Each structure stands twice: as C-alpha cells, then as structure tokens.
Amino acid sequence: MLRLITCIGIEHSALHLLFATVICISGSLLTVRLFSRVRRTQALQRINWLFLSGFVGGSTIWTTHFIAMLGYQSPVLFGYEAELTLLSLFIGITSAIAGFAIASLGRDKSAFIEAGGAIVGLGVAAMHYVGISGYKVAGEIQWNQAYVICSLLAGGFFGALATNRVVRPSRRLSKCGAAIPLLLAIVSTHFLGMAGMTIVPDASVSVPPEILSVGIMTGLVGAVMIVILLLGASTYIIDMQSTVAAVARYRHLSLHDPLTNLANRAALNEHLPALTKSLSDLTSSIAVLCFDLDRFKEINDVHGHAAGDAVLRAIGERLASVTGAGRFAARVGGDEFVVVIRDHIARPEARSLAQRLLDEIERPVEWNGQSLCVGSSIGISSFPDRARTIDDLLSQADVAMYRAKSTIGGSICFYDPSMDEAARARNALAIEMRDGLKRGEFLLFYQRQNDTVSRQVVGLEVLLRWQHPTRGFVPPTEFIPIAEKTGFIMELGEWVMRTACAEAATWQNPLRIAVNVAAQQLADSRLPQIVHQILMDTGLAPARLEIEITETGIVADHVHALNAIRRLKGLGVRIAMDDYGTGYSSLSTLQSFPFDKIKIDRAFVEGVTNNKQSAAIVRSTLILAQSLDIPVLAEGVEREEHIDFLRREGCPQVQGFLFGRPVPRHEIEDLVGKPASSSSATTANQASTGIDGSRGAAA
C-alpha cells in the first residue's frame, strides 16, 4: 500500500494527475451515458451507439493513461514507440466495444452483463501493459507480479460493476453514477500497474532515435482527447435534443385526441387544477361547458365509422375556431366534449359561447355528397361559486347537460343544486326498482288488439306497470330509462317475458302474445336460449309468442341481430318490428330481416286525418307491407276517423284507446278465461299480439 501511495503522490506530477482526473471523469460520464442508450434503441441505431460508446470509452482510457504517463517522473531518459502506442489505443477501443456489445446482449439478470464489463476492465489492463511495452527507457523495467495481478483483478471487477450499474441502477446510484466504477477501473489498473513497475537505470541501454518524444506525445494525446470528447459530447447533445423533441412530441400526442387534435381527458385533468390555482381575483371564476352530439350513433350505424370520424373532425375544427384566448376545448369521449372558460365573470358570456357552439355544431357536415346533421345540448357549471372541487365542476356540468336534453325547447342549461336532488332521486329509484321486483310490485297490464273490419279481439299486448308502495303507480317513462341506463332492463325484461308466458299458458282462449325486448336484450347472445328455456318451463306453445323489437336494437349490430332473429324463428317464435317509420333505415331493414309483422308507430296514425305527410307514410307502408306479404298493425287508434282511414287503406289490425286502455289480468278474464269460438280461434291464429316488457311506455 505504501508503494502505491508513493507512486501516486511522489512519482507523478500533480498537474498531470489533475488533468488526467478531469479527462477520466468527463470521459467516463460520457461513456456511461452513451452505453445506456445502447439498450434503449433498436437494430442499426444500437450498433451506432455501441460503436460510439466503445470508441469514446476506449479513447478515454487511453488518454487518461498517457496523460498520467506524461506526468510520471522517470529517473532516466525515455520515449514512446509509435507502433505499440497506437496499438494500445486500438486495444482500448476494440476491447471497450467488444465488452459493451456483450453486456448489451444480456437481459436484466443475465451473466452477459458482468462478463461484458469484465472484458472492458481487462481491456483497460491490456491497453495499459501494451502501452507500457512501448515505453522505452535508458534502463531495464522490472515488475512486481503481485501488483500486476491486482491490477488485472481490479480492472475486471470494476468493469463488471460499471456495466451492472448501467443496466441495473440502484435507487441510490443512477445510471450516471455507474461512471464511478468505470473511473475506478481505469485509475486502479493504471496506478496498481505503475506501482508494480520499477525502472533500473542502465547506461548500456540507449533510447531508440525513432521514438516519439514527450512533446510529440503531448500533442498526440491532446489531439485525440479533444477530438474524442468533442465528438462524443456533440453526438450526445444532438441526441439529447432529439430526445427532448421526441418527448415533447409524445407528450403532445398523449394530451391530444389524434382524430380532432383537440385536448383529451388527460390534458383536461392537467389543465383544470392548474387553472383553479391561477384565478386572477376573487370575482372571477371558471366555467365548464359539457356536451355530446345528438344523433351521432345513428350516423355511425347507418353511414359507417368513416362518416362518424368526418363529423368529429369537422366539429373539432369548429370548436377550435370558436374557442380563442382564455378558452380550452377537449374531446373527452367518443362524442363528448368539454370547453373551459377562464376568468369567467357572468352567465351571459357562457351562454353566448354556448349558443355559438350550438350554431356551429348544428351546421351540416358534407361527406361524400351527403349532408350529415347532428345536434347537441350544453350543460354549464362554474367554479368556485357552484362547484368546490374539480370533480364537482365536471359532474355538475354533466348533470346540467342531461337536464338540457330533457328540457323541451332548451338546449342550454346552467347547473342548479336542485338537479342533484333529481339525480339522487333517480339513483334511489334504481335501487327501489330492484327491491320492488323482489317484493312483487311489478304488474302486467294488457291492451287489446283488434281486427280492423270485424273489431274482434285478435291479440293482447302486455305493458309493464310498477305499483310503488308509497308513490303509487310510477310512470313507465320514468323507470324504464333508468332500468336501461343501469342494465337492470336485462333482469326486468326476462321477468316480464317469463311472467307473460306463464300467464298466457293458463288461458283457455289461446291468443298469441307479444313481448317487446330492449336493445340490450337483443344484443345478448343468450336471448334465444333464454326464450327457449322460458317456453319449456311455462309450457307455452312457441307459435303463441311474438317478440317485438325496435329498429334501434337492430342498427347497433346488424349481423348479431339477424343471427338472433333467425335463431328465435327457429324456435317457432314470431318476430314483429315495432315503431316502424321512426328509424333511419326502415326499408333496408325490412329487406334484410324476416319479420312476421310491422307495427306502424302511433305518431303517424295520429295525423292520418289532418296531415298529408302522415297519411302518405301510412299509406305507403301498407302498400309496401302488402307487396312483401307482411301483416301490419297500426298503433294509437283513438277515434273512429282513424279506423275508417285504416280500413279503407287495407290495414288488417289496430290497437289503441278506441278499443280500450291497458288493464290488469283480472279485467280480461272474460276474454281469456273461456275457450275461443271456432271463428275466433281462426282469427287469433292469424293475429299477432304484443307485450311491451322492456319499454312499458305504451299507453
């Protein structure tokens, strides 16, 4: 140990040691940073970074060694042989490249990592001793084998530790901290080797005249040092700039919607907290406008997702043009958008912006020669006067939006605390609905369907009613949407079908019944299996069951819906299309799906006597159905004028208040509790009856 201290402190120039230390530290840091890039890149880029890290590392080892050698206080004349000196540089670079290459091949727990580092460390020793062999002195160089062996072990150990720390950095030591083991590999190998070297002067030994002098070596080492460090540093800086640009680009992509280039939900979640902390004064606030697109799903279903994307892009461009300084627009969902106004002071400003947004949204979007139209309703909330937290701000705007959708003639709605009460009431109703089904509070009501000419009853449609223990009868228009939103419609719809089939199986008059299934039920691949099991359990003949579906349940997935309908018909069940005329592709739907009946929506029947358009639609529907050999039933028949028109136009069946309102089971006992006459039975076999189990909204 004393020999090592003497070698460092006495036999080397302090100035040269300081210079060598600076070069070794900067070169090691740069080498480690360059090598860390090797494992984060692919293919050709990995080769480039591997070569560069090895080249800079090997050159750092070489320059550190020879700067220290230039400061070595030799007792005799000396010089450097050019061939071996340059060979040592080559050995330093190639061993570093080879070692780093092997280390880069290994996984996180592979021995390749340490093996590659050990090669780098042994390469330091090889470079050192080849360089020393080119160190020509007027005397003899003698070696202490113990120091030589220690230098080899130290180089291999610290080299392995360096690559280990680059690949598996500890919490206390970053990847840059891995430069310390590399620096120790270079320094320990050099000074242990130098400590093991003794120069014995010999006057008979002369220094060859062709060797490199100290001045030439100083210039050579300085040139190599400058070129290598500048090359490595400039390359690393360029890469860092590219990395910063790439990070900025990735951040932009992560915070923006790729389709509309508006901010996304993540950006909104970053923007709002920062905005709340930077309110200019106590009188200002933040307003949030929340809205989605009406009729957007229909555009996707009818025209395809390319049309939907075109609409979203157009809406995004319009929002960007409307929102200016101090405003922030984001697409936070499929067709959901949020606009934020900072330093918002009064409602008129928010209402004015909301109206401009509505005007832009409602402008048609031209796509492939077609005009696509959507609408919207906007909910507005503000911070801090209404909302106290960011979550409250967004949820309140969302609540206000849904209130705007339910308000006739109002497309803009400001949040009010009473809306929370309504929302809580809806949530409470959803909970009570599940309990109500268990307690037997739901009832089936029946509405007659009649032959247009004879007026005889040809079937019954079953409608769902809820008799709440404290609220009385809850309107279907109130609880059915909640059931659909919560998914309870699946359980409720199955209960309606099972109960209706069980009751119908007990009737002596075998009228056909029809059950309306919700879109969510039709989307369930188990529906045919559920219907089959219900028929088996209740004993109802399949021919007596007619399932009504709306076009809304079909357009979501034509292929699935067609498959489900074919499986149901395979059971012997009849399929009716309900609310015909209110969809977007009724003609193509009739052509594609094997319906057994068409039900004309009440909205058209109501106007047949005073509205030419309604009369024309009903008339054309009847002509089309006759040509397709599909029976038709008209809903909403309330006056004699209605049935007179339908009789003249050839509509075979009707349903409406003219023949009776929906009534409970005991009030149709005279109809279903006795065997049908032969004529009635014949008529019934030709009729279609319906149970509205999912909507429950028909009068």
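Scroll up to find the structure.
Thresholds applied
- Residues numbered from 1 in each chain as written.
- Predicted model: local features only at pLDDT ≥ 70, side-chain atom pairs only at ≥ 80, totals over all residues.
- Heavy atoms only, no water.
- Helix = DSSP H or I, 4+ residues; strand = E, 2+ residues; numbered from the N terminus.
- Buried < 20%, exposed > 50% of the residue type's maximum accessible area, 1.4 Å probe, protein only.
- Contact = heavy atoms within 4.5 Å.
- Areas by Shrake-Rupley, 256 points an atom, 1.4 Å probe, with all protein chains shown as cover.
- Axes fitted to C-alpha atoms, helices over the stretch in contact; angles between N-to-C directions.
- Nonpolar A, V, L, I, M, F, W, Y, C, P; charged D, E, K, R; others polar.
- Salt bridge = Lys/Arg side-chain N within 4 Å of Asp/Glu carboxyl O.
- Phe/Tyr/Trp six-rings, centres within 6.5 Å; stacked < 30°, edge-to-face > 60°.
- Lys NZ or Arg CZ within 6 Å of the ring centre and 35° of its normal.
- Expected span 1.5 Å × (residues − 1).
- Pairing = 2+ DSSP bridges.
- Arc of directions from axis to C-beta.
- Polar contact = N/O pair within 3.5 Å; in protein donor to acceptor, adjacent residues only side chain to side chain.

> How would you explain the overall build of the protein if you had to name every residue and give the values?
On a plain count of helices and strands, the protein comes out with 26 helices and 22 strands. When the 699 residues of the protein are sorted by exposure, 50% land in the buried category. Considering only contacts within the protein whose residues lie at least 6 apart along the sequence, 74% involve residues at least 24 apart. Carbon together with sulfur atoms contributes 59% to the accessible area of the protein, which is approximately 32,000 Å² in total.

> Would you mind going over the packing of helix α10 (residues 296-303) against helix α11 (residues 305-322) in detail, with residue names and values included?
Look at α10 against α11: their axes get within 6 Å of each other, and the N-to-C directions meet at 145°. Contacts between α10 and α11 pair Phe 296, Ile 299, Asn 300 and His 303 from the former with His 305, Ala 307, Gly 308, Val 311 and Leu 312 from the latter. Of the residues assigned to the contact of α10 with α11, the class counts are five nonpolar, four polar and no charged.

> Quick rundown of the pattern of salt bridges? Include the residues and the values.
The full count for this structure, using the stated rule, is 20 salt bridges. For Lys 405, the salt bridge is made with Asp 294, and the minimal N-O distance between the two is 2.5 Å. Remark: Asp 294 occurs in strand β5 (residues 285-294) and Lys 405 occurs in helix α13 (residues 390-406); sequence separation between them is 111 residues. It is possible to trace a salt-bridge network through shared partners that takes in Glu 461, Glu 548, Lys 599 and Glu 635.

> I'd like to hear about the packing of aromatic side chains, residue by residue, with values.
Aromatic rings considered in pairs are described by the distance between their centres and by the relative angle of their planes. Evaluated as defined, the whole model comprises twelve aromatic pairs. Measuring from ring centre to ring centre gives 4.9 Å for Trp 62 and Phe 66, while their planes differ by 50°; the resulting arrangement is tilted. Of this pair, Trp 62 and Phe 66 both sit in helix α3 (residues 43-70), four residues apart, which is roughly one turn of that helix. Exposure class is identical for Trp 62 and Phe 66. Each is buried. Members of the aromatic cluster, each reached through a chain of ring pairs, are Phe 442, Trp 466 and Phe 479. Residue placement shows Arg 465 over the ring face of Phe 445; its charged tip is 5.8 Å from the ring centre.

> Mind laying out the environment of Ser 206, listing which residues take part and the relevant values?
Relative to the helices and strands, Ser 206 is located in the loop between β4 (197-201) and α8 (214-254). What makes Ser 206 exposed here is its relative accessible area of 60%. C-alpha separation for the pair Ser 206 and Gly 139, spaced 67 residues apart in sequence, amounts to 7.6 Å.

> Can you break down helix α7 (residues 179-195) residue by residue, with the values?
Taking 1.5 Å per residue, 17 residues should reach 24 Å; α7 reaches 24 Å between its end C-alpha atoms and fits that length. Counting buried residues along α7, 13 of its 17 residues qualify, which places the element largely inside the surrounding structure.

> For the pairing of strand β15 (residues 513-516), give the residues involved together with the corresponding values.
Burial along β15 is two-sided: the residues Ile 513 and Val 515 and Ala 514 and Asn 516 are all buried. Two elements, β15 and strand β16 (residues 545-550), share four bridges in a ladder whose sense is parallel. Considered in β16, the bridge of Ala 514 is made with Glu 546.

> Let's hear about unusual backbone geometry: which residues, and what values?
Excluding glycine, most residues fall at negative phi; most peptide bonds, likewise, are trans. If you check the backbone angles, Asn 368 has positive phi at about 50° while not being a glycine. The residue Asn 368 is located in the loop between β8 (365-367) and β9 (370-372) in this model. One non-glycine residue with positive phi stands out, namely Arg 455, at about 65°. Assignment of secondary structure puts Arg 455 in the loop between β12 (442-451) and β13 (457-468). With a relative accessible area of 32%, Arg 455 lands in the partly exposed category.

> Describe helix α23 (residues 612-628), and please don't skip the residues or the numbers.
Spanning 17 residues, α23 covers 24 Å between terminal C-alpha atoms, matching the ideal 24 Å at 1.5 Å per step. Residues Ser 614, Ala 615, Val 618, Thr 621, Leu 622 and Ala 625 constitute the buried set of α23. Seen end-on, α23 carries its buried residues on one side only, within an arc spanning 130°. Along α23, exposed side chains directed more than 90 degrees from the buried face belong to Lys 612, Gln 613, Ile 623 and Ser 627. The inward-facing, buried residues of α23 contact β17 (574-580), β18 (597-600), α22 (602-605), β19 (632-634) and α24 (640-649). Of the residues flanking the start of α23, the one acting as N-cap is Asn 611, its side-chain oxygen 2.9 Å from the backbone nitrogen of Gln 613. With its phi angle positive at about 60°, Asp 629 sits one or two positions after the end of α23.

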